Each structure stands twice: as C-alpha cells, then as structure tokens.
Amino acid sequence: MLYWSLLIAAIVFEVFGTVSMKLSNGMEKFLPSLLIFFFYGCSFIALTFALKKIDVGVAYAVWSGVGTALVALIGFFYFREIVTVQKIFFITLIIAGVAGLYMTEAVH
C-alpha cells in the first residue's frame, strides 16, 4: 500500500507541476516557473520510490494516465477550456485503461 501511496503522491505533484506550467505563462512568471521544477522533482522522486514494488509499465501508465485525466478536468473546470463529448469519451477511456492496469497489477 505504501508504494501505491507514493504513486498517488507522484501523480499529485505531476498535476501541480503541469498546472504551474500553464500558470507560468510560457515561463514569464517567476514563481509558477520555479514551482514547475519543484513539483516535477518531487513527482519523479516519489515515482522512483514507487517503482521499487510496482512494475514500471503499470506505474508509468497509471502516473501518466491519471495525471492526464486530472489535468484535463482542471483545464475544463479551472481554466474554462472547451468541453466536448469526444474529450469526455477519451478521458473515460484513459480512466478505464488505468483501472484495467491496476486490476492486472493486483493479480500479479
């Protein structure tokens, strides 16, 4: 359970890092630009420790898939990006894929 908690922390830090990219306005704003490196550093550290017990393919797919879905949702709700049926459908596919990978890891 510890290693999955580390993976969740890695996802949260990755999402914060990506949101910081958006807030940096192309690296023009100092604090969000600095936070990109801090959050991604924390994310990679947590991901590295999670990889001690979680298969790399599963961990990376979960890390990137859940991060992608969360950033897309933040884009919709916080940054007021356009929501379409197609976007919702494909985000749902990402979540389904991540759930499937998680289930295969539990059997492993």
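Our subject is the structure listed above.
**Quick word on the overall build of the chain**
Here comes step 1: Counting its regular elements, the chain contains 4 helices and 0 strands.
Here comes step 2: Overall, the chain shows an N-to-C arrangement of helices and strands of α-α-α-α.
Here comes step 3: With the C-alpha coordinates aligned to their principal axes, the bounding extent of the chain is approximately 45 × 35 × 15 Å.
Here comes step 4: Sequence-distant contacts in the chain: of pairs separated by 6 or more residues, those separated by 24 or more amount to 65%.
Here comes step 5: With an accessible surface of roughly 7000 Å², the chain has 76% of that area assigned to carbon and sulfur atoms.
Here comes step 6: Between the centroid of the 6 positive side chains of the chain and the centroid of its 5 negative side chains there is a distance of 6 Å.

**What about helix 2 (residues 30-50)?**
Here comes step 1: With 21 residues, helix 2 extends 31 Å from end C-alpha to end C-alpha; this agrees with the ideal 30 Å at 1.5 Å per step.
Here comes step 2: Among the residues of helix 2, those classed as buried are P32, S33, I36, F39, Y40, C42, S43, A46, L47 and A50.
Here comes step 3: Those residues of helix 2 that are buried are in contact with helix 1 (2-23) and helix 3 (56-77).

**A short note on a nonpolar patch on the surface**
Here comes step 1: Together, I8, V12 and F16 make up an exposed nonpolar region whose accessible area comes to about 260 Å².
Here comes step 2: One can find I8 in helix 1.
Here comes step 3: I8 sits in the exposed class, given a relative accessible area of 51%.

**Observations regarding the environment of E14**
Here comes step 1: On the secondary structure map, E14 appears in helix 1.
Here comes step 2: Using a relative accessible area of 10% as the deciding quantity, one classes E14 as buried.
Here comes step 3: With 33 residues separating them in the primary sequence, E14 and L47 have C-alpha atoms 9.9 Å apart.
Here comes step 4: When neighbours within four sequence positions are excluded, E14 is seen to be in contact with Y40, S43, W63 and G67.

**Brief notes about the side chain of S33**
Here comes step 1: Mapped onto the secondary structure, S33 falls in helix 2.
Here comes step 2: S33 gets classed as buried once you look at its relative accessible area, which sits at 8%.
Here comes step 3: For S33, the contacting residues outside a window of four places in its chain are S24, M27 and E28.

**Observations concerning the nonpolar core**
It is characteristic of soluble globular proteins that their nonpolar side chains tend to be buried jointly.
Here comes step 1: In this structure, W4, L7, I11, L47, I54, V62 and W63 are the most contacted members of the largest nonpolar core, which totals 15 residues.
Here comes step 2: Every element with two or more residues in this core is listed here: helix 1, helix 2 and helix 3.
Here comes step 3: Residue contributions to this core peak at 6 residues, all from helix 1.

**With respect to unusual backbone geometry**
Residues apart from glycine generally show negative phi values, whereas peptide bonds are mostly found in trans.
Here comes step 1: For N25, which is not glycine, the phi torsion reads 55° and is therefore positive.
Here comes step 2: In this structure, N25 sits in the loop between helix 1 and helix 2.
Here comes step 3: With a phi close to 65°, M27 is a non-glycine residue in the positive phi region.
Here comes step 4: Examined against the element boundaries, M27 turns out to sit in the loop between helix 1 and helix 2.

Calculation notes
- Residues numbered from 1 in each chain as written.
- Predicted model: local features only at pLDDT ≥ 70, side-chain atom pairs only at ≥ 80, totals over all residues.
- Heavy atoms only, no water.
- Helix = DSSP H or I, 4+ residues; strand = E, 2+ residues; numbered from the N terminus.
- Contact = heavy atoms within 4.5 Å.
- Areas by Shrake-Rupley, 256 points an atom, 1.4 Å probe, with all protein chains shown as cover.
- Lys, Arg positive; Asp, Glu negative; His and termini not counted.
- Charge placed at Lys NZ, Arg CZ, Asp CG, Glu CD.
- Expected span 1.5 Å × (residues − 1).
- Buried < 20%, exposed > 50% of the residue type's maximum accessible area, 1.4 Å probe, protein only.
- Patch = residues over 30% accessible without salt bridge, like charges linked within 9 Å, V, L, I, M, F, W, Y side chains within 5 Å.
- Salt bridge = Lys/Arg side-chain N within 4 Å of Asp/Glu carboxyl O.
- Core = buried A, V, L, I, M, F, W, Y, C linked by side-chain atoms within 4.5 Å.

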